[in-house]
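So you can see what is in the structure, the chains are spelled out below.
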Number of protein chains: 2
Amino acid sequence: MDLWLTEFSSPDAKFSIRVEKQLYSHTSDFQQIDIFQTPEFGRVLVLDGIVMLTEKDEFIYHEMMVHVPMAVHPNVRTVLLIGAGDGGSLRELCRYPDIECIDMVEIDREVVNACRRFLPEVAASFNDPRLNLVIGDGISFVRTKQDEYDLIIVDSTDPFGPGEDLFTREFYANCYNALHSDGIMTNQHESPYYDSDAQIVRHIHARTTLYFPITKVYQAHIPTYPSGHWLFGFSSRKYDPVADLRAEEWLARGIETDYYNIDLHRGCFALPTYVQQLLSGGDV
Amino acid sequence: MDLWLTEFSSPDAKFSIRVEKQLYSHTSDFQQIDIFQTPEFGRVLVLDGIVMLTEKDEFIYHEMMVHVPMAVHPNVRTVLLIGAGDGGSLRELCRYPDIECIDMVEIDREVVNACRRFLPEVAASFNDPRLNLVIGDGISFVRTKQDEYDLIIVDSTDPFGPGEDLFTREFYANCYNALHSDGIMTNQHESPYYDSDAQIVRHIHARTTLYFPITKVYQAHIPTYPSGHWLFGFSSRKYDPVADLRAEEWLARGIETDYYNIDLHRGCFALPTYVQQLLSGGDV
């Protein structure tokens, strides 16, 4: 059998993964959810035909989403996690014993259930007592919150389908209000390489910049995402992600990582010139 | 018509590019050479079925190969370029007026001819009077040289077929001898992500480390190479690529770049933890 899962990076480029077996397929109220077993990447989670994570490289995305803000903010106690139904960002957060409370708002219960069943090493921390899992709409949830969180992580799908409203001005304004005055927001920021993704990058950056005085973009190599060049946003009223890095304190925690490290933290904010230019030209 | 050029990143993953038209196809004495017109990437050069460059992103590879060492060494006058038949590295070198002489040794005349004809914006500098183009074997050429170059750039294909001997211990030893005592060598270093590429990364690093006391690896996002995560080697007896960066001097040159910049120079040497571990474990 020669079975391939193919995702188009653009109309004229595509990436294909050999599949051994389809483990799960379900149409939820929100999206199509599929999980495949593959020889190269282990298990692969696909939502509406888009690769969300693979067992081989999910550590890159999740470490970069979580450890970058955690190594800057001196005292994270309360976290809001939006989306992130696979549990990978939650797993990384749960490695910090001084976090007291994690509100996680995922719209699709079936994503959580499927990941707990088929991706247990990713969905490893759903039993953590600090977790308050809310199945619901992150946009509505964050609207009700004021000055409550030290850290908000927007771990969304792409801005199509159920994730679309997580890229609006109103949503970012509400995140700003939901954070303490020294809070940090990180958000997945798409890729700068293919034109349609690059336009989203511009919009996200222009919109977050409207509210947060400090809005920096950082990057990672994630081979199973389109182009392999993935961006993340770091937004805060108070902290610069490099100048305010607390390297010694983070190292003293002894957290073992496979992608993130302190040198890389400093390096990942150094963007290619063409990405800098892309970010400087966005419409709101 | 639905015509796709497909390259396997591993036996179980592949990347495909939509093709409008095949512009050139020729079997030289050394390899199969193809050039395609594509809607996403412009023209694409393929050697023995492997994508060597695309018009869309060749700037990344060539800028990183050339500007990184040029921003460190204070006084590059003589350069040896090995491989590099497409002319992209040559084009970047020719932007430095104080370079006096560039010996370029490419084994396959047909690659140069095809690129001059079909990729004129890459093969833009073959008429530069400082160029001494030698069609021949880089391994033999460098064996005859002693203390002659400030910079050697090994811009080779992958270590299969005609490029294979550019990855041996003997070759690196000869490059060491061909450099002045404060010379720098940069070499393309493959990708850390897929297993078979990662083994090559280990070998290259272990072998260059045998000769050069300073051997650092840096990275770039090159979406059309397997995994998009590409490595380069920086080797020298004298210069550390970050500590000895001459930022002000390089900026004063006013060279406009689309990928490289001074912040990125510092950042690109900060490698992910798993790549650091890969590099530390190599056999010679």
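Quick notes on the rules
Residues numbered from 1 in each chain as written. Chains lettered and ligands numbered in written order. Predicted model: local features only at pLDDT ≥ 70, side-chain atom pairs only at ≥ 80, totals over all residues. Domains from an automatic or database assignment. Contact = placed C-beta atoms within 7 Å. Helix = DSSP H or I, 4+ residues; strand = E, 2+ residues; numbered from the N terminus. Nonpolar A, V, L, I, M, F, W, Y, C, P; charged D, E, K, R; others polar. Axes fitted to C-alpha atoms, helices over the stretch in contact; angles between N-to-C directions. Parallel < 35°, antiparallel > 145°, perpendicular 65-115°, else oblique. Left-handed = near helix turned anticlockwise from the far one by under 90°. Least-squares fit on C-alpha atoms with pLDDT ≥ 70 in both.

Caption draft 1: Structural detail: the domain arrangement of chain A. Residues and elements named next belong to chain A. If you check the domain split of chain A, you get domain 1 (4-53) and domain 2 (58-280). Each of domain 1 and domain 2 was reduced to a C-alpha centroid, and the two centroids are 23 Å apart. Contacts between the two partners involve 19 residues from domain 1 and, on the opposite side, 22 residues from domain 2. Looking at the side of domain 1 that touches domain 2, the elements that each hand over two or more residues are strand 1 (4-10), strand 3 (21-27), strand 4 (32-38), strand 5 (42-47) and strand 6 (50-54). Looking at the side of domain 1 that touches domain 2 element by element, the count peaks at 4 residues for strand 6. A per-class count over the side of domain 1 that touches domain 2 returns 12 nonpolar, 5 polar and 2 charged.

Caption draft 2: Fine view of the packing of helix 5 (residues 169-178) of chain B against helix 6 (residues 195-211) of chain B. All names here are of chain B. Across the interface, helix 5 lies against helix 6 with an axial gap of 9 Å and an inter-helix angle of 40°. Taken together, the axes of helix 5 and helix 6 are oblique relative to one another. The crossing of helix 5 and helix 6 is right-handed. Residues Arg 169, Tyr 172, Ala 173 and Tyr 176 of helix 5 form the contact with helix 6, whose participating residues are Arg 207, Thr 208, Leu 210 and Tyr 211. Class assignment of the residues belonging to the contact of helix 5 with helix 6 gives a composition of 5 nonpolar, 1 polar and 2 charged.

Caption draft 3: Representation of the relation of the copies chain B and chain A in the model. Taken as rigid bodies, chain B and chain A are interconverted by a rotation of 180° and an axial shift of 0.0 Å, the fit giving an RMSD of 0.0 Å. Such a combination of rotation and displacement between the chain copies is what one expects of a two-fold axis. Ranked by how close their C-alpha atoms come to the rotation axis, the residues of chain B are headed by Gly 267 of chain B, at 1.8 Å. A shared interface surface links the copies, since 100% of the contact residues of chain B are contact residues in chain A too.

Caption draft 4: Representation of the interface of chain B and chain A in the model. Residue-level contacts link 32 residues of chain B with 32 residues of chain A. Every element with two or more residues in the side of chain B that touches chain A is listed here: strand 2 (13-18), helix 8 (262-267) and helix 9 (273-280) of chain B. For the side of chain B that touches chain A, the leading source of residues is strand 2 of chain B, giving 6 residues. Taken together, the residues that form the side of chain B that touches chain A break down as 14 nonpolar, 11 polar and 7 charged.

Caption draft 5: Representation of the environment of Asn 132 of chain A within the structure. All names here are of chain A. Looking at where Asn 132 falls in the secondary structure, it is placed in strand 9 (residues 131-135). Placed 86 residues apart in sequence, Asn 132 and Val 46 show a C-alpha to C-alpha distance of 25 Å. Residue contacts for Asn 132: discarding those within four places in its chain leaves Cys 101, Ile 102 and Asp 103.

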